[in-house]
Amino acid sequence: MGLSRILPRSQPRAEPPAGDPAPEPDAPVGNGHLHAVPASASPPAPEAQLMARVIAFANQKGGVAKTTTTLNLGVALKEMGNRVLLIDLDPQGNLTMSQGMNPDAIERSMFDVLVHRVPISDIIHTVEVDIAVASIDLAGAELALSALIGRERALEKALVEVRDRYDFVLIDTPPSLGLLTINAFVAAGSVIVPVQCEYLSLRGLVQLENTLAMVRENLNPKVHVEGIVPTMYDRRTLHAREAIEILEEHFGDLVYDTRIRKTVRYAEAPVKGSSVLRYEPSGPAAQAYRDLAKEVLDGAKAREHA
Ligand code: ADP
Ligand code: MG
């Protein structure tokens, strides 16, 4: 059986959740109904302003540019006039660090939000965008959560407080499919999967889709893969071009047209506590994430208008 059948293209980016009713006032966060539109577009319908579009960035493989994509896509969406919240759900705290903060020195973080029900607004810091920070003790969150009833819904509940203040909530997840990532899948309307063009792991993507299928069945029927971002692309190598071909063969429309090229700029910027959009605003690395942001916005519009 081909992978395309294991990973059905039942919910390509441009396909609408047909006949979506208006959300209930107590509907879960990130149910995928509502999407932001660019600032330049005509004003969204009143109900479209009610809730953020919640997107999880996931791939259980480390080093595929989850964190880089969460930050730079978030900053690009903000540049276009959207209200953006980033959530650092990785105990390594790379997203928090990439905005110039030290996870070891942070007193209260997503750990307190998930485990002690501290309001998420208490731990949001505003740097280039708003960011709900991670600290080192987030590493203990999976264990602490596992004993709680509703352990998979802790993040979804925490987001209720802020879901009407943002157009986009982007969640950076750890390199595993554990309870923190499950919390992201339950809170999210969709998932964007960064995939490194070099070490393409289709098996890893099958595992990820299996986990998502379980979440759909038991916890969040809406959540789906919204798009796949090819990262660290080096067009000079045959290997990278082949990796893209394989991705497109199996996932078709789900693969974004934007290729995030390999460049040291993405590693340099976080050392300065900065996105590439601030680090080198007119460079190609920044432009790549602006292009991706447009595709993400277009996907939302295609759904709204279909
Ligand atoms: P993940 O969150 O999936 O573990 P990161 O976003 O932390 O991945 O990226 C892993 C490393 O690769 C980081 O050092 C980052 O700066 C670097 N990186 C990310 N995107 C690119 C790219 N397009 N080209 C080159 N290096 C990149
Ligand atoms: Mg990361």
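Residues numbered from 1 in each chain as written. Chains lettered and ligands numbered in written order. Predicted model: local features only at pLDDT ≥ 70, side-chain atom pairs only at ≥ 80, totals over all residues. Heavy atoms only, no water.

Visitor: Just give me the short version of the nonpolar core, but keep the residues and values in it.
Guide: One finds Ile 87, Met 110, Leu 114 and Ile 120 to be the most contacted residues of the largest nonpolar core, which totals 53 residues. In terms of residue count, the dominant contributor to this core is helix α7 (residues 179–187) (7 residues). By size, the runner-up hydrophobic cluster in this structure holds 34 residues, among which are Leu 170, Val 276, Leu 277 and Ala 285. (Core = buried A, V, L, I, M, F, W, Y, C linked by side-chain atoms within 4.5 Å. Buried < 20%, exposed > 50% of the residue type's maximum accessible area, 1.4 Å probe, protein only. Helix = DSSP H or I, 4+ residues; strand = E, 2+ residues; numbered from the N terminus.)

Visitor: Can you tell me about the side chain of Asp 172, naming the residues and giving the values?
Guide: Examined against the element boundaries, Asp 172 turns out to sit in strand β5 (residues 168–172). In this structure Asp 172 is buried but unpaired, with Lys 66 as the nearest side chain of opposite charge at 6.3 Å. Of note is the side chain of Asp 172, whose polar atom sits 2.7 Å from the side chain of Thr 67. Beyond its immediate sequence surroundings of up to four residues, Asp 172 is in contact with Phe 57, Lys 66, Thr 67, Thr 70, Ile 87, Asp 88, Leu 89, Asp 90 and Leu 95. (Lys, Arg positive; Asp, Glu negative; His and termini not counted. Salt bridge = Lys/Arg side-chain N within 4 Å of Asp/Glu carboxyl O. Polar contact = N/O pair within 3.5 Å; in protein donor to acceptor, adjacent residues only side chain to side chain. Contact = heavy atoms within 4.5 Å.)

Visitor: Would you mind going over the confidence of the model for the protein chain in detail, with residue names and values included?
Guide: Confidence in the prediction of the protein chain, expressed as mean pLDDT, is 86, and 81% of residues score 70 or more. A low-confidence stretch, residues 1–47 (pLDDT under 50), is modelled with 98 contacts involving residues beyond four sequence positions or located in other chains. (pLDDT = per-residue confidence, 0-100.)

Visitor: Any details on the pairing of β5? Residues and values, ideally.
Guide: Within a regular strand, the side chains alternate between the two sheet faces. Along β5, 5 of the 5 residues are buried, which leaves the element largely enclosed by surrounding structure. Neither face of β5 is open: one carries Phe 168, Leu 170 and Asp 172, the other Val 169 and Ile 171, and all of them are buried. By the bridge criterion, 5 bridges tie strand β1 (residues 53–57) to β5 in an arrangement that is parallel. The partner of Ala 56 across the bridge, within β5, is Ile 171. Two strands pair when backbone bridges link them, and strand β2 (residues 84–88) and β5 are joined in this way by 5 bridges, in the parallel orientation. Bridged to Leu 86 within β5 is Leu 170. (Pairing = 2+ DSSP bridges.)

Visitor: Outline helix α8 (residues 202–218), listing residues and values.
Guide: What sets the pattern is the α-helix's 3.6 residues per turn: residues three or four places apart point alike. With 17 residues, α8 extends 25 Å between its outermost C-alpha atoms, agreeing within 8% with the 24 Å of an ideal straight helix rising 1.5 Å per residue. For α8, the set of buried residues is Leu 202, Gly 204, Leu 205, Val 206, Leu 208, Glu 209, Thr 211, Leu 212 and Val 215. (Expected span 1.5 Å × (residues − 1).)

Visitor: Describe unusual backbone geometry, and please don't skip the residues or the numbers.
Guide: The backbone phi angle of Ala 65 is positive, close to 90°, even though this residue is not glycine. Mapped onto the secondary structure, Ala 65 falls in the loop between β1 and α2 (66–79). One non-glycine residue, Met 232, lies in positive phi territory at about 55°.

Visitor: Hey, could you go over α2 for me, with residue numbers and the actual values?
Guide: A rise of 1.5 Å per residue sets the reference length of α2, with its 14 residues, at 20 Å; its end C-alpha atoms lie 20 Å apart and thus fit the reference within 8%. Buried residues of α2: Lys 66, Thr 67, Thr 69, Thr 70, Leu 71, Asn 72, Leu 73, Gly 74, Val 75, Ala 76 and Leu 77, and no others.

Visitor: Before we move on, can you summarise the side chain of Asp 130 with the specific residues and values?
Guide: One can find Asp 130 in strand β4 (residues 130–132). Of the buried charged residues, Asp 130 lacks a salt bridge, with Lys 78 as the closest side chain of opposite charge at 5.9 Å. Side-chain polar atoms of Asp 130 contact the side chain of Thr 126, separated by 2.9 Å. Setting aside anything within four residues of it in sequence, one finds Asp 130 in contact with Val 84, Leu 85, Leu 86, Ile 124, His 125 and Tyr 166.

Visitor: Requested: an account of the environment of Ile 87, with residues and values cited.
Guide: Following the sequence through the fold, Ile 87 ends up in strand β2. Given the relative accessible area of 0%, Ile 87 is considered buried. Through-space distance from the C-alpha of Ile 87 to that of Ala 134 is 8.1 Å; in sequence the pair is 47 residues apart. With residues up to four places along the chain from it excluded, the contact list for Ile 87 reads Leu 95, Met 110, Ile 120, Ala 132, Leu 155, Leu 159, Val 169, Leu 170, Ile 171 and Asp 172.

Visitor: Tell me what's going on with the site of ligand 1, and back it up with residues and numbers.
Guide: Taken together, 14 residues are adjacent to ligand 1, and Gly 63, Lys 66, Thr 67, Thr 68 and Arg 261 come closest. At 3.0 Å, a backbone N or O of Val 64 approaches an oxygen atom of ligand 1. Between ligand 1 and Thr 68, the relevant distance is 2.6 Å, taken from an oxygen atom to a side-chain nitrogen or oxygen of the residue. Taken by itself ligand 1 offers 550 Å² of open surface, and the protein chains cover 78% of this. Within the residue set of the shell around ligand 1, elements represented by two or more residues are α2 and α10 (265–271). (Near = heavy atom within 4 Å. Areas by Shrake-Rupley, 256 points an atom, 1.4 Å probe, with all protein chains shown as cover.)

Visitor: So, the pairing of β1: which residues are in play, and what are the values?
Guide: For β1, a buried count of 5 out of 5 residues is recorded, marking the element as mostly surrounded by other parts of the structure. Relative to strand β6 (residues 190–196), β1 runs parallel, the two sharing 3 bridges. The partner of Phe 57 across the bridge, within β6, is Ile 192.

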